Amino acid sequence: MSSSSSDRLGYPFSTFLDQHSGQLNASAVPPELWHALYRKLADQTFDAGDHFQIICEMDENDEKKTLFVRALEDMHNNDEENIFLIDHFISFPAESARKCVESNEKLPERLAALFGIDDDDCSSEGDEIIEKIETSCEKEEEEHARRLSEPGLPRHESVDARLSSYSVDDPKKTLTERVMRNLWKFAQTYTVSYQLENGEMEKKHVWYVMDDFGSRIRHSGCPNVRIVPLMFLPQNCAYSIMFLTKPVKNDDEITMDWAANVITAENPEWRQYLEMPWAEKDFSSESMVPGAPTLEYFTSGRNPDFLAEEKDQKTCESAIFSAISVLKKQGKIKIFADDTQLTEHLKSRQIEYVDDWKAADVIWMIKHFHDYSNLALENPCAQINQFPFESCITVKDLLAACAMRNPAKNDWYQLTYNLNTQLPEFVARFQNRQKNGEHNVWIVKPWNLARGMEMAVTDDLNQIIRMVETGPKIVCEYIARPLLFPRPDNGNKVKFDLRYIVFVNSIGPVTAYVYNRFWIRFAINQFQLGAYDDLETHFTVFNYLDKEKVLQMKCEKFIETIEKTYPKLKWTQIQKDINSTIRKAIEVAASEPSPRGVAPNTQSRAMYGVDIMLQESPESPDVIKPTLLEINFMPDTTRACQYYPDFADTVFETMFLDEIDPKRVTPI
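Residues numbered from 1 in each chain as written. Predicted model: local features only at pLDDT ≥ 70, side-chain atom pairs only at ≥ 80, totals over all residues. Heavy atoms only, no water.

Draft legend 1. Quick look at the overall build of the protein chain. Per the secondary structure count, the protein chain includes 23 helices and 26 strands. Burial status across the protein chain gives 52% buried among its 668 residues. Sequence-distant contacts, at least 24 apart, represent 70% of the contacts inside the protein chain between residues at least 6 apart. When the accessible surface of the protein chain is totalled, it reaches about 31000 Å², and 49% of it is carbon and sulfur. (Helix = DSSP H or I, 4+ residues; strand = E, 2+ residues; numbered from the N terminus. Buried < 20%, exposed > 50% of the residue type's maximum accessible area, 1.4 Å probe, protein only. Contact = heavy atoms within 4.5 Å. Areas by Shrake-Rupley, 256 points an atom, 1.4 Å probe, with all protein chains shown as cover.)

Below, the structure written as structure tokens:
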């Protein structure tokens with residue numbers, strides 16, 4: 001008996017089914033093929049070469065080659081043996097694609113061969129890139145000279161210098177760039193789930209490129225095979241499996257639908273856009289203006305909030321007014337809390353934790369609360385740290401929907417599209433800008449993840465389209481001219497963003513305060529346009545493995561350094577503009593009735609973490625313009641409580657006791 005047969009006997013078919021039937025059913029692999037698949041996986045049988053052949057076809061001038069796969073015999077999809085293993089050449093997370101490609105000196109060459117990239121292609125494309133960069137540099141140099149001759153803010157390193165630093169003269173670099181441009185035509189993805197230390201389950205999306213055989217199978221909207229990934233648990237290793245969907249004859253080309261995914265199934269009318277990486281078309285003349293999100297969009301997949309009736313809210317208003325007077329006198333606050341990160345730092349007043357929110361003066365919850373109607377009836381004196389339908393301001397896609405209601409009047413938020421509902425309009429915008437030579441770099445953000453997870457900065461339309469496959473995303477115009485900060489530790493002029501703590505005491509009308517101290521998060525590397533997948537250049541928030549790279553600086557020192565670096569910049573004016581920007585965002589998010597907007601509620605207060613970036617105004621480079629990035633529900637207050645011992649007291653006094661200290665908070 002062969003060793004492979006012995007191994008298979010030690011791994012029975014029943015165990016294979018227990019471990020993999022869920023995957024196979026989800027991928028719609030016909031059950032009659034499962035036993036053959038089991039046998040080939042257990043024996044590691046890669047027999048596609050016995051039935052198919054890779055063809056290299058040259059054009060009429062014998063210059064351009066085309067690679068594809070054809071059948072070597074007549075084959076039927078009902079044949080139980082016609083299922084084949086395909087190995088994976090490389091695997092990588094989306095944010096580490098370039099790092100993976102550059103991890104081995106020979107890998108770009110091997111991938112170029114896999115993608116059918118010729119040296120002549122690389123040379124000609126390199127010339128085109130250089131020509132575009134040189135043309136852009138000439139225009140930037142003229143503009144830079146004009147600005148230097150005028151009074152105003154001294155400029156940080158200009159875009160012309162950044163572009164000049166991006167060279168493609170190196171043939172290896174040119175080849176790598178060519179590979180990166182083609183990568184998203186060949187990459188596929190699967191999802192793995194794993195358990196975190198706290199017991200919660202986390203999902204991770206893995207991208208991969210199939211081996212030489214799998215990568216040669218071309219795209220077709222009418223394919224004759226399906227290829228799906230399978231995680232083979234005994235090896236903890238992923239393979240692709242290929243099976244026929246219709247009979248094929250000898251010499252037939254083998255094709256798959258590379259655009260087959262959930263988004264295509266849900267939006268069949270989008271197929272021509274989702275096929276762009278393999279079948280490019282021009283949509284630049286189509287509408288770039290997306291329609292307004294439907295009412296269903298604001299409610300679908302979200303737990304509803306139940307509002308208190310107007311008469312009950314009036315009762316609460318009177319009850320809370322009386323309750324605040326009592327709390328100020330007795331100095332003891334009953335708190336119902338499901339998170340004590342902040343409340344454990346309260347010092348100025350005694351607190352008592354209660355187990356029932358009906359007995360609380362303050363309800364402080366990190367878990368979302370929904371029944372405001374019952375709250376008004378059962379505990380009209382209580383105040384709670386949430387607003388009904390505040391997801392309109394704290395969830396990225398809903399905030400974008402609110403901000404983009406009237407783009408002409410929006411001067412506080414970058415142009416944004418929802419890729420799950422507005423992909424056609426975005427493709428038209430991208431191609432239109434590409435034709436006109438306009439700034440065309442975008443940042444892709446998952447709206448249901450935090451800490452910069454699965455975010456990407458790119459000028460590659462194919463990559464943006466493919467990223468839709470790994471979950472809901474929005475895409476925002478990338479800030480090309482951020483104000484830069486000179487890091488004292490490494491000397492680099494880097495991007496940064498600012499985290500503000502904002503207290504909202506009322507939505508209709510807006511009554512809000514900003515904590516007078518803020519936090520700064522710095523990138524690591526010198527800012528430049530280009531190398532957009534360099535996380536340490538283009539991102540300020542991600543999980544650093546090397547904690548020494550994290551620069552901690554108090555806001556007072558930051559302001560001093562900024563004003564010294566840019567002598568004509570006055571922080572007092574910038575701060576006023578930041579406050580105005582934050583207020584505009586809150587007002588816009590509350591400008592329409594729920595569920596399209598945040599709902600007013602007498603018992604509600606809120607603390608948000610608001611992220612701001614500063615950029616040069618497009619109208620005048622001497623004007624610094626604050627741009628709102630996102631608003632976070634119940635932000636982490638660990639550093640705030642460590643840096644400023646009175647922070648927790650400021651939160652409660654501002655939100656729940658109407659004690660406004662201008663030394664610590666400012667109305668906005």
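Draft legend 2. Region of interest: helix α23 (residues 647–656). Along α23, ten of the ten residues are buried, which leaves the element largely enclosed by surrounding structure. F647, A648, D649, T650, V651, F652, E653, T654, M655 and F656 are the residues of α23 that are buried. At the C-terminal side of α23, D658 shows a positive phi close to 55°.

Draft legend 3. Local environment of the nonpolar core. Membership of the largest hydrophobic core comes to 117 residues, with the highest contact counts inside it found for L498, F558 and W571. Setting aside residues no more than four positions away along its own chain, L498 makes contact with F518, W519, I520, F558, W571, I578, V610, D611, I612 and L614. Formed by 23 residues, the second largest nonpolar core is a distinct cluster that contains Y190, M210, M231 and L244. (Core = buried A, V, L, I, M, F, W, Y, C linked by side-chain atoms within 4.5 Å.)

Draft legend 4. Fine view of the pattern of salt bridges. This model, assessed by the stated rule, comprises 38 salt bridges. Residue R218 pairs with E253 through a salt bridge whose shortest N-O separation is 2.7 Å. In this pair, R218 sits in strand β7 (residues 218–219) while E253 sits in the loop between β9 (237–244) and β10 (255–256), placing the two residues 35 residues apart along the sequence. E309 is the salt-bridge partner of K311, the closest N and O atoms lying 3.8 Å from each other. When salt bridges with common partners are traced through the structure, they connect R349, D646, E653, E659, D661 and R664 into a single cluster. (Salt bridge = Lys/Arg side-chain N within 4 Å of Asp/Glu carboxyl O.)

Draft legend 5. Summary view of the sheet that holds strand β6 (residues 201–210). Strand order in the open sheet formed by three strands is β4-β6-β5, with antiparallel pairing between adjacent strands. Taken across any chain shown, the strands that pair with only one partner, and hence form the sheet edges, are β4 (88–92) and β5 (187–195). The mean angle between the axes of side-by-side strands here comes to 35°, regardless of whether they run parallel or antiparallel. Both β5 and β6 contribute to a ladder of nine bridges, which runs antiparallel. Paired with T191 across the strands is H205, a residue of β6. Most of the contacts of helix α5 (residues 107–114) go to β4, to which it runs at about 120°, and overall it touches β4 and β6. Helix α8 (residues 171–186) contacts β4, β5 and β6 of the sheet and is inclined by roughly 75° relative to β5. (Pairing = 2+ DSSP bridges. Axes fitted to C-alpha atoms, helices over the stretch in contact; angles between N-to-C directions.)

Draft legend 6. Fine view of the sheet that holds strand β3 (residues 83–86). Across the sheet, which stays open at both edges, the three strands sit in the order β3-β9-β8 with antiparallel pairing between neighbours. Whereas interior strands pair on both sides, the edge strands pair on one side only; in this sheet they are β3 and β8 (225–232). Adjacent strand axes in the sheet meet at a mean angle of 30°, parallel and antiparallel pairs treated alike. In this sheet, β9 lies alongside β3 in antiparallel orientation, the contact comprising four bridges. Counterpart to F84 in the pairing with β9 is M242. Each of β8 and β9 is contacted by helix α2 (residues 13–26), which is oriented at about 135° to β8, the strand it contacts most. Where helix α3 (residues 34–43) meets the sheet, it contacts β3, β8 and β9, and its direction lies at approximately 35° from that of β3.

Draft legend 7. Spotlight on the side chain of R664. Within the secondary structure, R664 sits in the loop between α23 and β26 (665–667). Separated by 2.8 Å, the side chains of R664 and E653 make a polar contact. (Polar contact = N/O pair within 3.5 Å; in protein donor to acceptor, adjacent residues only side chain to side chain.)

Draft legend 8. How the structure looks around the packing of aromatic side chains. Here the structure, examined in full by the defined rule, presents 42 aromatic pairs. With a centroid separation of 5.0 Å and 85° between ring planes, the pair formed by Y515 and F647 is classed as edge-to-face. Taken as a pair, Y515 in strand β22 (residues 511–515) and F647 in helix α23 lie far apart in primary sequence, 132 residues in all. Neither Y515 nor F647 differs from the other in exposure class; each is buried. (Phe/Tyr/Trp six-rings, centres within 6.5 Å; stacked < 30°, edge-to-face > 60°.)

Draft legend 9. A look at the packing of α2 against α3. Packing of α2 against α3 brings their axes to within 11 Å, and their N-to-C directions diverge by 115°. As far as their axial angle goes, α3 and α2 are roughly perpendicular. Viewed along their axes, α2 and α3 form a crossing whose handedness is right-handed. Counting all contacts with α2, which are made through F13, F16, L17, S21, L24 and N25, the residues of α3 involved are W34, H35, L37, Y38 and L41. Here the contact of α2 with α3 is composed, by residue class, of eight nonpolar, three polar and no charged. (Parallel < 35°, antiparallel > 145°, perpendicular 65-115°, else oblique. Left-handed = near helix turned anticlockwise from the far one by under 90°. Nonpolar A, V, L, I, M, F, W, Y, C, P; charged D, E, K, R; others polar.)

Draft legend 10. Representation of α8. Helix length check: α8 (16 residues) gives 22 Å between terminal C-alpha atoms against 22 Å at 1.5 Å per residue, within 8%. Of all the bends in α8, the greatest measures close to 25° and is centred on M180. Taken as a whole, α8 has its buried residues at T174, L175, T176, E177, R178, V179, M180, N182, L183, W184 and F186. (Expected span 1.5 Å × (residues − 1). Bend = angle between axes of the 7 residues up to and from the residue.)

Draft legend 11. Local environment of the packing of α5 against α8. Between α5 and α8, the shortest axis-to-axis distance is 9 Å and the interhelical angle comes to 50°. In terms of axis orientation, α5 runs oblique to α8. The crossing of α5 and α8 is left-handed. Here α5 contributes P108, E109, L111, A112 and L114 to the contact with α8, which in turn contributes L175, T176, V179 and F186. Taken together, the residues of the contact of α5 with α8 sort by class into seven nonpolar, one polar and one charged.

Draft legend 12. Fine view of the pairing of strand β24 (residues 606–616). Counting buried positions over the eleven residues of β24 gives eleven, a clear majority of the element. In β24, alternate side chains face the same way, and those of A606, Y608, V610, I612, L614 and E616 on one face and M607, G609, D611, M613 and Q615 on the other are all buried. Strand direction decides the pairing type here: strand β21 (residues 496–506) and β24, joined by seven bridges, are antiparallel. Considered in β24, the bridge of V504 is made with A606. Here nine bridges tie β24 to strand β25 (residues 624–633), and the two strands are oriented antiparallel to one another.

Draft legend 13. Broad picture of the confidence of the model for the protein chain. Residues with a pLDDT of 70 or more make up 89% of the protein chain, whose mean pLDDT is 89. Note on residues 126–168: pLDDT is under 50 here. Beyond four places in sequence and across chains, it has 62 contacts. (pLDDT = per-residue confidence, 0-100.)

Draft legend 14. Molecular detail of unusual backbone geometry. A cis amide bond links G508 with the next residue in sequence, P509, at an omega value of -5°. Here P509 shows up in the loop between β21 and β22. Positive phi is not limited to glycine here, since A531 has a value of about 45°. For A531, the position within the fold is in the loop between β23 (519–522) and α19 (535–538). Given a relative accessible area of 22%, A531 falls into the partly exposed group.

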